[in-house]
Each structure stands twice: as C-alpha cells, then as structure tokens.
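What follows is the residue order along each chain.
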Amino acid sequence: MTTSLPLFDDPALAPLDLQVAQDMLRRARPAEPGHHDELRQPDGQLRPAWAAFAHQLGAPLDDLQRRQELIARQIREDGITYNVYNAEGGPSRPWSLEALPLIIGTDDWRALEQGVAQRARLLNAIVADTYGEQALLKGALLPSALVLGHPGYLRGMQGVQAPGGIHLHVLAFDLVRGPDGAWWVVSHRTQAPSGLGYVMQNRLIVSRLFPDAYRAMNVQHLASGYRRLVDTLTDLATPCAEGQAPRLALLTPGPYNETYFEQAYLARYLGLPLVEGGDLVVRDERLFLKTVQGLEPLHGLLRRLDDDYCDPLELRSDSHLGVPGLMQVVRAGHVVLANALGTGFLESPAIHGFLPALARRVLGEELSLPSLPTWWCGEASAWADIEPDLASQVIRPSYPYAGTPGFGSPRLRQSFDAVLGQSLTAAALKSWRDRISHDPAAYTVQGFVPYAQAPVWQAGGINPRGASLRVYALSDGQGGWQVLPGGMTRIATRDAGPVSMQLGGSSLDTWVLTDGPVDTFSMLPSQVRPDELAQRQRPVASRAGENLFWMGRYTERAEQQLGLVQNLMSLQTSEDDSDDAVLRALSELAQTCGLIPPGTPNLIQAPRVFERAVLEALADAQASQGAFSLAANLEALARTAQSLRERLSSAHGRLLRTLGSDFRQALAQDAPSGQLGLLQAHEALEHLAAQLAAVTGAQTDRMTRDVGWRLLTVGRLIERLVGYTTFLKAFWQHLALAHPQGVDQLLDLFDSAITFRARYQRRLERPAVLALLVADETNPRALACVLRRLRTELGKLPNRTAADDDLLALLPHQGVGIGLEELCDPVEGHARVLALCDRLLDAGWRLSDEVARQFFVHTEPNDSMVSA
C-alpha cells in the first residue's frame, strides 16, 4: 500500500528527507491487530513525531544499521552489562539497546506526568498512614490481611517517623499503552527501583547517534531530575549530620547483582561513593563507612538493596549483603534511607485494586492514570466475580513468589506477569482455580492489555515489538514530585511476546518532546566555595582500598609470571645445553609462582611433561588443576576491576576486564589444531606483555594520587619485593649464577639485562649482579629501590596506629639492611644473601598482613566474642 503524508508536500523537505520517510513507511511492518502502533497513525501515515524524526535523520534509512553497530561497539567498550546468570552461574551478557527511540509527544507526556505525580503522592501517603495512625486499615479502605500479612510490612518500623515525612524518594512505574492509545499502570516499584543508571546511559548513547534530531525535536533533558534526587537526600540528611556536611552513599548488593553496572554508573554520575553492606558498620546507633582513613559517618543512603537483606539482625538472618543494626539507626533518626524500609507491601499487585477509592479518600481526587483492572482473590466477592472469566485474565502472586504455588520458575513468573495465555488447557485452568480456591489471598487477578508495539530496526527493516515504559518520580522533599522526562522502555524479543530483560528483551531510549524551552541543567555544580573543596574529597572505602591493593598485586604478579614463562621459552631456543642448576631453579620457581600444579616433575626429570603442565595451566582460568597461572591471575584481576567500576576510567576498566579473554583467545588462535607448544604461544604472550604495559601506564600516570592509589602502589611493591626476592633466592640457593646462562635468566626475570650489559658489559661476576639487582636504588627493579619506594608510600598512608605498630618498622631502615660488601664476602656472603632473602620474604608477608589489619579491618575491643 502506498501512503502519502501531508508533510511530504512541504517544499522545505529535501529529497533525502522525503525518501527516508517513504522508506520508513515502506519497510516498517504495521503493528499486529489489536495493538497500538507507535510509528503509524490509524490512517497508515507516520505519526507527526516520527515524520519529524525522518526529516532530521540526515542519512538514508539503511544508515540505521551502521548506527546500531556503533551502539553495540559502545556497549562492548564501556562494559555495559546486565548480569543474567545461567544455571551453571555463567557470565553476564551485554546490555541490549536499540537505535530507534520511543517518542512521546508533549500533550501525551503532560497527562502521564500529572498521573504519575498524583500516584506518587498517594503511595507516600499510604505508607505514612500504615506506619502511623493506620486510619486506612481501620476504615477498611485497605484490607489488614493484605498489608499486615505481607512480608514487606515491617513491624519494627511501626511508629517510626520518616525524615521530612518522605518515605518514598524514588518511585518507578511500569506503564503500557493499550490498543486505544491510553496508558495503563501495570506495576510500581517502591523498595529499591532499578534502571536510573541505564536510563542515562541509553540517553548518552542514542542522543549522540541522532544529534540533529535530538536538538531539533526539542527532546527534554534528564540531568535536573538526578540533581533533584541528590539535593533532596542532602536536605533531608542535614539534621542527621548535626552541623556537619551530610555524607551520602549508594548501597549496592555487589558486583554479582544483575544491575550492578548501572548502580556503579549511577553512583559515579551522582558523585556518590558506591558501598556494599560490608563497607558499613553501626556504632552507637549511628552508621559509619569503613574507610582506609578510619570510620567516616554516613547520613544518607540511596539503596539498591531490597528490605529483606538490609539488616541481618532484624530481617533475613542469612543475608550477607546488609548492615547489622541498620534498622536501629533508622529508628534513632540518624540516617535517611531512600527509600525508607518497609515499603515493600506496596509492590503487591493487589494494591492496585484499592487505589481509586484511596485516591478519593486520601487526596480528594479521582485517579487520573488507571491501573489494570485488579481483583484481590482474598476478598471472596472479588474472587467470585472474576472466577468465571479467569481464562482471559492474568494471574499474579499477591505476595513475593517464594511459597506461592505455581510461581517457582523465574521463566514461568515472567510469562504469567505478561499474559496468562488463553492457550491454557481446561485441565491447567482447573488446576489454577483449585490453587486459588485453596489460598485465595495469595493470588491477584488482573486484566490483560495488549502492549503497544514500538518500531525497532532489525535486519534491514523496521519491526514492531511489544513495549513497556518505566518512568520515575522523584520527591522534592517538600511534598512535591518531579517526574523524570523520559525513562526506560523495554521491548519484547518478538512481536507480542512478554517484555522482560531476563528473557532476552532489549531497551529503547525514551524521548519526551516539549513545546517549551529545553532544560539545559548540568550535573556540574555552578559554584564551589573553597571551604567545600576538602569535603568533596571522595573517601576511600576499605573494600575499595583492599580491591585496589590486590589489583596492584595481581598486576605485578601477572608481569612476573609472564616473564617466567618467557624465560622458559628462551630455554627452547637456546643453542647451548641448559645447566642443571638453572633448570632446578626455574622448575622450583614455576611451582612456587603457580605455573604448574604441585607434584609436576621438574625440567630435568621430564621436560616434556613439565612443558605440557605449564601450557595446560597457562589458559586455565579456574585453576582447576591447582596451578594459579596466568589465566587464573588475569581472571582475579578482572574481578577486582569489576568491583572498582566507579573508580576506573572506561579505557582502564575495559582493558582489565578483557585481558584474560583476549589472552585465551590468542592462545587458541596460535594453536588452531589444539597442539600448542611454548614456542607457538609466543604471539599470545607478546600481546599480553603489551597489554600489561598499558595497564601499568594507566595505573602509574592516569589515576589520582589519593589513598586508594597509594594502596594500589603498595600492593604492587609488596608483590615485587616478594616475587623478586623469590627469584633471587631460587637462583642463589641452587648455585645457578655460577653459569652464564643463570645470570642471563635472572637478569631477564628482573627486567634488568639491558642496564647490566650497558654498565658491566659481559662481566658476569656475582658481585655485579648483586650490585644491580639488590643494592642499586636507581634501578626500579632492585630490592633496595623497591624498599625505598615502599618506605615512601607507607609514610604517606593515614597514620591509624601507635608508633610500636608502625608499618615502617617491618622494613629495613635503609637500603636492604645490609651492605654490598658483606653480601659479597667470599666466605659468609652466600649464607648472608640467603638470610637476607628470608628476612625480606618474611617482611613482605608480614607487611601485607599488617596493611590489611590496619586499613581493611575495623574492629573495636568489644567486638571480640571472647573475653580476656
């Protein structure tokens, strides 16, 4: 069918604009019957907003394919993920984002905005009454069985006054558009609504793809809403701070949560530290952040942790994600939680059936944005009314899924939340009726509305996909609400399938058009007073400090392992026979450094078995054979990077996360037939060496010199001290330096061969080796230089202990603690070098333990459960 648009008659339209609009109509499949079409009007023409979008595209329609590929690359490079684990605990998958946005017109949004703000006021009032006078329960406007019997109602919060009277600071509403174009509320999220980070990330990516359309169409910006959230929390937390500047943080369940990326992104965007439950501690009914500087008070938490997990003392005792004693801090009024604890009962779908009457009673208004028709089966009359029509409705659990028969499987839960499915057999339908009749209060029945279908570019065409819109309401702390002008649109994997990210769905940016000026607010503060600058220094949480410490150690360890593997390769290319002492030293180091499993025959006993063991361990990321070799070490490095997303640049984080996968892929390419030898692994090892050099450069020159960076540096230096001392001890103990090959091998392991040759030519005497590798404070690989740098960095760490516990006391006061002349003594020198190695190894391990004790563990004398 050929369709013309009135807009096409506009002489201002360029031929390309006309062609794009015509192509869009020709190559877009119409929505399925019974579904609202977001692209086309009922007469088949493009909707005005989409006609304007086509006019501003500035390229043929096929250019959308290039832009879609740019999105995929950007997501991959930024490491944007949605952690959906398979049954075996598999990895997360990349976030899915489509090129074409969902466009909402000005009038349409105005009605949505008013309806969402009204609902936010209503829900906050319901929570306040439930934990206050309970007039709504006493007046039977809300069933007591539904509210008080819901696990989301927390009796420990009864009578607790929320700061400013605000229980709900952030609300998320899931909306769908029905066949007639009207919007319906499907659900709302009141505990810890997710998605705000993805909303901003989607906007930044898509707006850059269509800059002309984004500007010309007057798309409303989002930043002011995020600033409103931080300002409101700051204002509400000010009384808790008692005259000090209030400190806020974002509480995350941790890196294994499905939306951890967006939590880290949101924390960085808002300028808040990202903390886990283990980072926090309660002292005297106050909340503190454990930092490397000591305990720092916290006065506000934007939480992404559901109520049940927040306090193992009063809620779920098996939770390792929360903070013991948090509820008591809340009751004492010493912290603001966004959202307040105890709001989970509002997430029951049964609540929707009572909202119209509640709006009239509480607000004196009619509910302007309707919910889906809802029947709580706990009311006998409601169940009797809807039971005959059950086949055409949606069945949902009134309470959380656990313990509700029929909702055990996540995939089943998603399918029932989307559509009951008239495809149910008579036997299945009877089974559902029996379940509901047995425990009616556990089930809620809702009407089904076919989701509107949004345009999605796919395989050279535009296909319709079922779409659900999540919008956010943000409290201003004064009883008003700002609705974020946009949101996260989720789409189904097929035309009319269920909308779920867990089931492989995708997302769209959401463009809200305005007929007024665009809000150009930026999250950058307009003015900063000099006296505020010190307060804006980001504290380094102990967990972050520990991860940085181990990032430094893993990086240094990987470099040392790489050097040792390359030295083993050099044995194969050497024209000379290898000395047995050198082979014994390298074999011992291979086992000590984790390149081979314990019990592997050495290079003298079975060189081929030894080589196979090195190669098998090289790519074993899980250390399944007991050898913690390169791939396993790189995997550990990637995990620390995952936990430090909010502190690392995109390039630095991406490099750390891909080191292991790139290395394993390169090894596979080097041996397509599966027969890999050390020589064949050369390219993979060289590529890894270049990547590790880039990591070292980023850590050295592209990180702020705060306490976290100093801990990273201390970690590297401790690992270098231990690793290089281990190298020296093995070669010295096995008398490997008596052979020129042993000297060359040790110099290579210390990465000092070029300096040695330039300084000493071919003088391979042991005094020269000791001078360069032990005593030279100008050689960054020499033990004396490592110790000097350690003393410097340790001296700049926060001093939190008494003088007798000083970290510096664990190290020699100067140099390596013994003179070069004494080490080179022809009689006692050999024993003195071994004794020095033992002292330095002991100092390195003790120093590592003491750094952990002082900066990563926060205990008080009364924390001990054993009396003195």
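Residues numbered from 1 in each chain as written. Predicted model: local features only at pLDDT ≥ 70, side-chain atom pairs only at ≥ 80, totals over all residues. Heavy atoms only, no water.

**A look at the overall build of the chain**
For the record, the criterion: To qualify as a helix, a DSSP run of H or I must reach at least 4 residues; to qualify as a strand, a run of E must reach at least 2; elements of each kind are numbered from the N terminus. The rule is simple: take the accessible area with a 1.4 Å probe, protein chains only, and divide by the maximum for that residue type; under 20% is buried, over 50% is exposed, in between is partly exposed. In this analysis, two residues are considered to be in contact whenever any of their non-hydrogen atoms come within 4.5 Å of each other. Note on areas: these come from Shrake-Rupley sampling with a 1.4 Å probe, and a residue is covered only by the protein chains present in the view.
Looking only at helices and strands, one finds 29 helices and 20 strands in the chain. Each of the 868 residues in the chain was classed as buried or not, and the buried ones make up 56%. For the chain, long-range pairs separated by at least 24 residues make up 72% of all intrachain contacts whose partners lie at least 6 apart in sequence. Summed over its atoms, the accessible surface of the chain is roughly 36300 Å², and 51% of this surface lies on carbon and sulfur atoms.

**Here's the deal with the sheet that holds strand E7 (residues 274–275)**
Put simply, the test is: Any two strands between which DSSP finds at least two bridges are classified as paired. Angles shown run from 0 to 180 degrees and are taken between the N-to-C directions of axes, each axis being a line fitted to C-alpha atoms and, for helices, limited to the stretch in contact.
If you trace the four strands from one edge of the open sheet to the other, you get E7-E6-E11-E12, paired in parallel fashion. The two strands at the open ends of the sheet, each matched to only one other strand, are E7 and strand E12 (336–338). Inspection of the sheet shows strand E6 (residues 248–251) paired to strand E11 (residues 300–303) by four bridges, in the parallel sense. Paired with Ala249 across the two strands is Leu301, which belongs to E11. With respect to the sheet, helix H9 (residues 223–241) is in contact with E6, E11 and E12, its orientation differing from that of E12 by roughly 155 degrees.

**Side note on the pairing of strand E16 (residues 453–458)**
Counting buried positions along E16 gives five out of six residues, so the element sits mostly inside the fold. In sequence, E16 turns back onto strand E17 (residues 461–475) through a hairpin of two residues, with Ala459 there showing a positive phi of about 55 degrees.

**Observations concerning the sheet that holds strand E15 (residues 443–446)**
Ordered by their spatial adjacency, three strands build an open sheet running E13-E15-E14, and the pairing between neighbours is antiparallel. A strand with exactly one partner marks an edge of an open sheet, and here the two such strands are strand E13 (374–376) and strand E14 (394–397). Taken pair by pair, the neighbouring strands of this sheet meet at an average axis angle of 25 degrees, ignoring direction. Judged from the three bridges that link them, E13 and E15 form a sheet pairing that is antiparallel. Residue pairing across strands places Trp375 opposite Val445, the latter belonging to E15.

**Overview of the pattern of salt bridges**
The criterion, for reference: Whenever Lys or Arg places a side-chain nitrogen within 4 Å of a carboxyl oxygen from Asp or Glu, that contact is recorded as a salt bridge.
Tallied over the entire structure, the rule returns 39 salt bridges. Between Arg543 and Asp279 there is a salt bridge, and its shortest N-O distance comes to 2.7 Å. Taken as a pair, Arg543 in helix H17 (residues 542–573) and Asp279 in the loop between E7 and strand E8 (280–283) lie far apart in primary sequence, 264 residues in all. Taken together, the shared-partner salt bridges connect Glu556, Glu559, Arg716 and Arg720 into one network.

**A look at the nonpolar core**
What counts, and what does not: What we call a nonpolar core is a set of buried Ala, Val, Leu, Ile, Met, Phe, Trp, Tyr and Cys residues that are connected through their side-chain atoms within 4.5 Å.
Counting residues in each nonpolar core, the largest one holds 177 residues, and the members touching the most others are Ile126 and Val851. When residues of this core are assigned to their parent elements, the largest contribution, 15 residues, is made by helix H23 (residues 707–733). With 69 residues, the next largest nonpolar core counts Ala28, Leu57, Ile103 and Leu229 among its residues.

**What to know about H23**
Going by this rule: To estimate the expected span of a helix, subtract one from its residue number and multiply by 1.5 Å.
Between the first and last C-alpha of H23 there are 38 Å, a value that for 27 residues agrees with the 39 Å anticipated at 1.5 Å per step. Counting buried residues along H23, 25 of its 27 residues qualify, which places the element largely inside the surrounding structure. At the exit of H23 stands Leu735, carrying a positive phi of roughly 55 degrees.

**A word on the confidence of the model for the chain**
Applied cut-off: By definition, pLDDT measures how confident the predictor is in each residue, and it falls between 0 and 100.
For the chain, per-residue confidence averages 88 on the pLDDT scale, and residues scoring 70 or more make up 88% of the total. Within the model, pLDDT remains below 50 along residues 85–90, and this stretch shows four contacts once partners closer than five positions in the same chain are excluded. Confidence drops under a pLDDT of 50 for residues 861–868, and excluding neighbours within four residues, the segment shows two contacts in the predicted structure.

**Section: the packing of helix H4 (residues 106–130) against helix H12 (residues 355–363)**
Inclusion rule: Angle categories: roughly parallel below 35 degrees, roughly antiparallel above 145, roughly perpendicular from 65 to 115, and oblique for all the rest. Under the convention adopted here, Pro, Cys and the residues Ala, Val, Leu, Ile, Met, Phe, Trp and Tyr are nonpolar, Asp, Glu, Lys and Arg are charged, and Gly plus all remaining residues are polar.
For the pair H4 and H12, the least separation of the axes is 10 Å and the interaxial angle reads 80 degrees. What the angle tells us is that H4 and H12 run roughly perpendicular. Of H12, the residues touching H4 (which contributes Gln118, Arg119, Arg121, Leu122, Leu123, Ala125 and Ile126) are Leu355, Leu358, Ala359, Val362 and Leu363. Tallied by class, residues from the contact of H4 with H12 come to nine nonpolar, one polar and two charged.

**A few points about the environment of Val330**
Relative to the elements of secondary structure, Val330 occurs in helix H11 (residues 326–331). For Val330, a relative accessible area of 12% gives the class buried. In the structure, Val330 is positioned 10 residues away from Ala340 in sequence and 8.7 Å away in space, judged by C-alpha atoms.

**So, the packing of aromatic side chains**
Applicable threshold: By convention, a stacked pair of Phe, Tyr or Trp rings (six-membered ring in the case of Trp) has centres within 6.5 Å and planes under 30 degrees apart, an edge-to-face pair has planes over 60 apart, and any other such pair is tilted. Geometrically, a lysine NZ or arginine CZ counts as sitting over a ring once it is within 6 Å of the ring centre and also within 35 degrees of the ring normal.
Throughout the structure, instances matching the rule amount to 18 aromatic pairs. Geometrically, the ring pair formed by Tyr214 and Trp511 is edge-to-face, given 5.6 Å between the ring centres and 70 degrees between the ring planes. Taken together, the residues span a long stretch of sequence, with Tyr214 in helix H8 (residues 211–216) and Trp511 in strand E20 (residues 506–512) at a distance of 297 residues. The two residues Tyr214 and Trp511 agree in class, both being buried. Between Phe756 and Tyr760, the ring centres sit 5.1 Å apart and the planes meet at 50 degrees, which makes this aromatic pair tilted. Pair noted here: Phe756 and Tyr760 are both in helix H25 (residues 753–760), with a separation of four residues, about one helical turn. By relative accessible area, which is 0% here, Phe756 ends up buried. The class of Tyr760 is buried, set by a relative accessible area of 18%. One aromatic cluster is present, formed by Trp95, Tyr198, Tyr226, Phe261, Tyr265 and Tyr269 through successive ring pairs. One cation-aromatic arrangement involves Arg435 over Trp432; the distance from NZ or CZ to the ring centre is 4.6 Å. The ring of Trp732 has Arg766 sitting right over it, with the charged end atom 5.8 Å from the ring centre.

**Observations regarding the pairing of strand E10 (residues 294–297)**
The sheet contact formed by strand E9 (residues 286–291) and E10 spans four bridges and is antiparallel. The residue of E10 that forms the bridge with Phe288 is Pro297. Between E9 and E10, which pair antiparallel and follow one another directly, the connecting turn spans two residues.

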